[in-house]
Amino acid sequence: MTRSRRVAAALAMVAAAAFGGSGCTVIPVTGPYTVGNDQGAGDPLNKPFQRMIAIPPQPGWGVEDTVRGLQAAMAAYADDPSILPKYLTAEARAKWSAAGPVTVIQDAYEVGVPPPRESETAMKVGLKGNWVALINEDDSYKPTAGPWERPFELVKMPEGYRVSNLPAGLVLTESDVARAYRPTNLYYVNRSTQDRLVVDRVRLRLNTTETFAQTVLERLLKPPTEALRGAVTSSLPADTKIESIRAGEDRVIINLSGPLDTLDLSAEETLRGQIRNSLNKNEIAKGRIIEILVDGEAYTVDRPDSDDQWLDDEVGDSAYYVDKGAVHYLTKDGAGGAVAGAAGEQREGYSHFAVSAGPNPLIAARTSTGISVAGLAPEAAWQEVIQGTDLTPPTWNRDGSLWTYDGKNGVLLKYDPARTRVEPVEVPGELDKLDVNQFRIARDGVRVAVTTGENTVQIGALTGEAGTKLANLQSLTTTETGNEIRDIAWLDDERLLVLVQGTAGQTLNEINVGDGETTGVPLKDRLESVAAFQDQVLADVTTGNGTKLVALSQDRQSWDVKVETDAGTPVFPLG
């Protein structure tokens with residue numbers, strides 16, 4: 001067994017032993033690091049985690065052990081920055097910086113060591129592996145793929161090998177990240193409507209000197225990731241500080257200081273919503289009273305049984321499907337009757353239906369000449385509100401506005417039913433050069449999914465005071481050449497369903513737009529379209545007798561028939 005394999009085997013034994021106990025355990029291994037199981041288990045403010053404990057370079061180490069020890073020192077750098085510089089020459093120490101994105105590679109990497117030469121004291125060594133992701137300086141996690149390589153220069157000194165040239169930044173393995181980081185949802189406020197929280201997914205490093213609750217709230221005090229810049233705000237003023245967080249028998253007590261207006265009741269409600277969800281949605285302080293102090297004085301109390309409207313989409317149990325151009329209600333038992341008015345009447349030429357939220361929803365549909373809208377009332381008729389022959393399927397925003405992209409003129413259009421006006425929306429310059437096929441606004445009223453060409457999905461955000469600018473476009477997924485993205489649908493604020501038609505069949509993936517985490521959904525039939533709301537997923541399937549409506553089971557392993565015949569495109573409000 002090689003030395004590197006002995007190290008890996010020993011590390012696996014350490015991890016197994018550490019997870020079986022509690023408290024902090026350090027077990028020595030034969031290699032350039034040890035692993036400890038740090039505090040956290042059973043603490044309502046914390047999460048259990050393992051700690052990488054790097055050791056300095058040893059005189060008897062060869063080139064490979066030195067490089068692997070350096071990588072371990074990178075993994076431990078945030079907890080103990082004193083070890084890594086010991087692997088560097090004085091000149092390299094003066095130049096190197098940990099700043100910049102963290103590179104994440106697969107666990108199985110190689111150290112390319114050149115053949116030894118007796119007279120040679122300096123050598124170039126290559127660290128080779130495969131990309132996994134980047135953790136950016138704003139804590140966003142961006143998956144990537146493909147081969148990765150980083151060169152090192154080593155010199156042989158009397159005390160052993162030292163690195164004489166080290167590129168800036170840290171290199172961590174997947175296991176390092178799993179050990180020391182946690183996927184975390186932070187909650188900010190929709191800048192435009194101010195009535196809805198928006199999730200921002202980050203990777204936060206567990207800190208040995210503070211609870212995870214403190215780490216989460218300290219990050220919440222900072223701006224959101226680049227994906228949401230300009231689209232969200234916070235009830236926590238810029239100079240707010242967290243003085244302390246402590247847990248009692250049934251509560252968590254958070255003491256803040258800074259320019260908080262304790263007389264502003266709306267800010268108080270928003271602050272409770274941000275703090276409660278940023279803790280509870282990450283399994284911290286769940287089921288406990290959250291007591292918030294300002295400068296040690298009582299400010300507000302959030303109880304676990306209180307109503308939380310900050311994530312409400314006003315969708316309820318509404319679901320619809322289409323049969324020959326007529327929109328029908330979907331009931332728990334299956335097929336329901338047609339909706340009232342013109343939208344419930346069969347007609348040709350109407351497709352890609354979309355339903356708004358609220359107690360009096362509107363239905364939109366695309367035709368050969370534009371986008372038409374109808375209410376759900378007996379006397380309601382279809383009315384064309386946006387004209388165009390190359391429009392994307394309509395999508396409703398939570399503020400009641402209707403959106404579509406005009407591919408012919410390269411402009412994003414917004415229709416306001418209250419003012420019966422159509423206005424152009426500012427978009428990034430690169431969007432004008434792309435073939436936009438779908439444009440879907442998430443139920444939070446901020447995030448937007450855009451499909452360009454046949455095989456790319458991008459995620460953007462509606463920014464500005466009134467949410468009238470599309471910005472922050474970032475690639476989410478790209479399929480192989482020859483495959484076609486057939487449909488997309490928002491499950492919730494952070495998960496998007498992507499239906500892809502390939503040469504070998506279809507795939508349906510659930511993708512977290514915050515970090516790219518992807519889960520495949522098993523398919524049996526060929527789907528025509530999908531619709532989703534939270535844990536409900538509907539799809540229509542073409543059969544020999546027409547179309548049927550199917551629903552994904554709660555365990556995400558099978559599909560059940562909801563309506564056997566005459567049931568086409570499924571629709572949920574928004575998304």
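Everything here concerns the structure above.
Parameters and conventions
Residues numbered from 1 in each chain as written. Predicted model: local features only at pLDDT ≥ 70, side-chain atom pairs only at ≥ 80, totals over all residues. Heavy atoms only, no water. Helix = DSSP H or I, 4+ residues; strand = E, 2+ residues; numbered from the N terminus. Rg over C-alpha atoms; globule rule 2.2 N^0.38 Å. Buried < 20%, exposed > 50% of the residue type's maximum accessible area, 1.4 Å probe, protein only. Contact = heavy atoms within 4.5 Å. Areas by Shrake-Rupley, 256 points an atom, 1.4 Å probe, with all protein chains shown as cover. Lys, Arg positive; Asp, Glu negative; His and termini not counted. Charge placed at Lys NZ, Arg CZ, Asp CG, Glu CD. Core = buried A, V, L, I, M, F, W, Y, C linked by side-chain atoms within 4.5 Å. 1 Å grid on protein atoms, 1.4 Å probe; cavity = no way out; pocket = protein on both sides within 12 Å on 5 of 7 lines; lining within 4 Å. Points joined across faces, edges and corners; volume = space filled by probe spheres on them. Nonpolar A, V, L, I, M, F, W, Y, C, P; charged D, E, K, R; others polar. Pairing = 2+ DSSP bridges. Patch = residues over 30% accessible without salt bridge, like charges linked within 9 Å, V, L, I, M, F, W, Y side chains within 5 Å. Salt bridge = Lys/Arg side-chain N within 4 Å of Asp/Glu carboxyl O. Axes fitted to C-alpha atoms, helices over the stretch in contact; angles between N-to-C directions. Expected span 1.5 Å × (residues − 1). Parallel < 35°, antiparallel > 145°, perpendicular 65-115°, else oblique. Left-handed = near helix turned anticlockwise from the far one by under 90°.

Thoughts on the overall build of the chain
Helix and strand counts for the chain come out as 6 helices and 41 strands. Computed over C-alpha atoms, the radius of gyration of the chain comes to 27 Å, within 12% of the 25 Å expected from 2.2 N^0.38 for 575 residues, which places it in the range of a compact globule. The principal-axis extent of the C-alpha atoms belonging to the chain is close to 90 × 60 × 45 Å. When each of the 575 residues of the chain is scored for burial, the buried share is 52%. Nonlocal contacts in the chain, meaning residues at least 24 apart in sequence, comprise 52% of its contacts between residues at least 6 apart. Counting only carbon and sulfur atoms, one obtains 47% of the accessible surface of the chain, whose full area is about 25600 Å². Distance from the positive charge centre (56 side chains) to the negative charge centre (79 side chains) of the chain: 6 Å.

What to know about the nonpolar core
With 41 residues, the main nonpolar core has Leu70, Leu84, Leu88, Leu154 and Leu166 as its most contacted residues. Elements supplying a minimum of two residues to this core: strand 3 (50–54), helix 2 (63–75), strand 4 (102–105), strand 6 (122–135), strand 8 (147–157), strand 9 (160–165), strand 10 (171–173) and helix 4 (174–180). Per element, the largest residue contribution to this core is 7 residues, and it comes from helix 2. The residues contacting Leu166, other than those within four sequence positions of it, are Leu70, Met74, Leu84, Leu88, Trp96 and Phe152. Counting 35 residues, the second largest nonpolar core, distinct from the first, contains Leu186, Leu221, Leu236 and Val294.

Some thoughts on the layout of surface pockets
Its boundaries defined by the atoms lining it, the largest pocket holds a volume of some 760 Å³. Mapped by element, the contributors of at least two residues to the lining of the largest pocket are strand 21 (351–355), strand 25 (395–396), strand 29 (436–441), strand 33 (484–490), strand 37 (527–533) and strand 41 (570–571). Of the residues belonging to the lining of the largest pocket, the class tally is 20 nonpolar, 12 polar and 11 charged. The space that makes up the second largest pocket amounts to roughly 610 Å³. Looking at the second largest pocket, it is lined by 26 residues, and the ones nearest its centre are Asp139, Tyr181, Arg203, Arg205 and Lys222. Elements represented by at least two residues in the lining of the second largest pocket include exactly helix 2, strand 12 (197–205) and helix 5 (212–220). Split by residue class, the lining of the second largest pocket holds 13 nonpolar, 4 polar and 9 charged.

What to know about the pairing of strand 21
Inspection of the sheet shows strand 21 paired to strand 22 (residues 362–366) by 3 bridges, in the antiparallel sense. Its bridge partner lying in strand 22, Ala354 is registered against Ala364. Taking the residues between adjacent antiparallel strands as the criterion, strand 21 and strand 22 are bridged by 6 residues, where Gly358 takes a positive phi near 100°.

Topic: helix 5
Burial runs high along helix 5: 8 of the 9 residues are buried. Every buried residue of helix 5 is accounted for by Phe212, Ala213, Gln214, Thr215, Val216, Leu217, Arg219 and Leu220. Turning to helix 5, the residues buried within the fold contact strand 11 (181–190), strand 12, strand 14 (241–247), strand 15 (251–257) and helix 6 (265–280).

Notes on a negative patch on the surface
Taken together, the side chains of Asp390, Asp435, Glu454 and Glu484 make up a negatively charged region of the molecular surface. Mapped onto the elements, Asp435 comes out in the loop between strand 28 (421–425) and strand 29.

Structural notes on the environment of Asn277
Here Asn277 is to be found in helix 6. When its relative accessible area of 3% is taken as the criterion, Asn277 is described as buried. Taking the C-alpha atoms as reference points, Asn277 and Leu45, separated by 232 residues in sequence, lie 14 Å from one another. Those residues in contact with Asn277 that sit more than four places away from it in its chain are Tyr187, Leu197, Asn282, Asp308 and Leu311.

What about the sheet that holds strand 37?
Within the open sheet, the 4 strands sit side by side as 37-38-39-40. Their pairing is antiparallel. The strands lining the two open edges of the sheet, one partner per strand, are strand 37 and strand 40 (559–563). Strand-to-strand, the axes of this sheet are offset by a mean angle of 30°, without reference to chain direction. One ladder, built from 4 bridges, connects strand 39 (residues 546–552) with strand 40; its direction is antiparallel. Residue pairing across strands places Leu549 opposite Val563, the latter belonging to strand 40.

Notes on helix 2
Each turn of an α-helix holds 3.6 residues, which means side chains three or four residues apart point in the same direction. Relative to the 18 Å expected for 13 residues at 1.5 Å per residue, helix 2 spans 19 Å between its end C-alpha atoms, a close match to the ideal helical length. Within helix 2, 12 of the 13 residues are buried, leaving the element largely enclosed by the surrounding structure.

A few points about the pattern of salt bridges
As enumerated under the stated definition, the model contains 34 salt bridges in all. Close ionic contact of Asp487 with Arg440 constitutes a salt bridge, the shortest N to O distance being 3.4 Å. In this pair, Asp487 sits in strand 33 while Arg440 sits in strand 29, placing the two residues 47 residues apart along the sequence. For the pair Asp487 and Arg440, a shared accessibility class is recorded, and that class is buried. Members of the salt-bridge network, linked through shared partners, are Arg201, Arg203, Glu494, Asp515 and Glu517.

Some points on the packing of helix 5 against helix 6
Two numbers describe how helix 5 lies on helix 6: the axes approach to 10 Å, and their chain directions differ by 135°. As far as their axial angle goes, helix 6 and helix 5 are oblique. Considering how the two elements wind past one another, helix 5 and helix 6 form a crossing that is right-handed. Where helix 5 approaches helix 6, its residues Ala213, Val216, Leu217 and Leu220 are matched on the opposing element by Gln274, Ile275, Ser278 and Leu279. Grouping the constituent residues of the contact of helix 5 with helix 6 by class yields 6 nonpolar, 2 polar and no charged.

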